[in-house]
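# Notes for the structure review
Residues per chain are reported as follows:
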Amino acid sequence: MKKNDGIIIGAILVLAVIIYFTQQWQNRVDENNKLYVEIYVNNELYDRSPLNIDKEVVIETDGGINVVKIENQSVVMKESNCPNKICMKTGHIHKPGSTIVCLPHQVYVQIVGDDNEGEDLDAISE
Ligand SMILES: [Zn+2]
């Protein structure tokens, strides 16, 4: 009559173990593969922050204002008073190489891997 309880508890335990190891694995991946958020304004580096911190960057340009938000290992253009709002519609990005572009304000947000700026890459592209 209480057989099902044991099965449910067992299933929860198995699930907990799976979640635990998944998180451990994710933490290790994050350590090995550090990602950074680079924000360019008018083709000049404005800000560079690790992707794994929570941060808000306010960018004021001649054209207006942009607010870039880094949270939960992803980046989003939280606010912009540009006319087309394409940058805000891009939504959250979290993979290396992903970009958010605000053309009217000349603001460019990009996720880069830590090893993107090494000699290795140059050697390969030569
Ligand atoms: Zn925009």
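The preceding data block contains the structure.
Summarised in this report is the structure supplied together with it. (Residues numbered from 1 in each chain as written. Predicted model: local features only at pLDDT ≥ 70, side-chain atom pairs only at ≥ 80, totals over all residues.)

## Some thoughts on the environment of Y46
Tracing the backbone shows Y46 in strand β2 (residues 44-50). C-beta crowding within 10 Å serves as the criterion here: with 17 such atoms nearby, Y46 is assigned to the partly exposed category. Along the primary structure Y46 and V57 are separated by 11 residues, whereas in three dimensions their C-alpha atoms are 9.7 Å apart. Beyond its immediate sequence surroundings of up to four residues, Y46 is in contact with I39, Y40, V41 and I59. (Helix = DSSP H or I, 4+ residues; strand = E, 2+ residues; numbered from the N terminus. Buried ≥ 20, exposed ≤ 12 C-beta atoms within 10 Å, placed from the backbone. Contact = placed C-beta atoms within 7 Å.)

## A short note on the sheet that holds strand β4 (residues 65-71)
Judged by pairing direction, the sheet is antiparallel, and its three strands sit side by side in the order β3-β4-β5 without closing on themselves. The open sheet terminates on both sides in strands that have one partner only, identified here as β3 (55-60) and β5 (74-80). Along the sheet, successive strands turn relative to each other by an average axial angle of 20°, direction set aside. When β4 meets β5, the two strands line up antiparallel, connected through six bridges. In the sheet register, K69 faces β5, and the bridge partner there is V76. (Pairing = 2+ DSSP bridges. Axes fitted to C-alpha atoms, helices over the stretch in contact; angles between N-to-C directions.)

## Here we look at the pairing of β3
Note on strand geometry: in a regular strand, side chains alternate between the two faces of the sheet. Where β3 and β4 come together, six bridges link them in antiparallel fashion. The residue of β4 that forms the bridge with K55 is I70. Linking β3 back to β4 in an antiparallel pair, the connection comprises four residues, with G64 at a positive phi of about 155°.

## Comments concerning the pairing of strand β7 (residues 107-113)
Two strands pair when backbone bridges link them, and strand β1 (residues 35-41) and β7 are joined in this way by seven bridges, in the antiparallel orientation. Residue Y40 lies in a different strand from β7, and its bridge partner there is Y108. By the bridge criterion, four bridges tie strand β6 (residues 99-102) to β7 in an arrangement that is antiparallel. Residue C102 lies in a different strand from β7, and its bridge partner there is V107.

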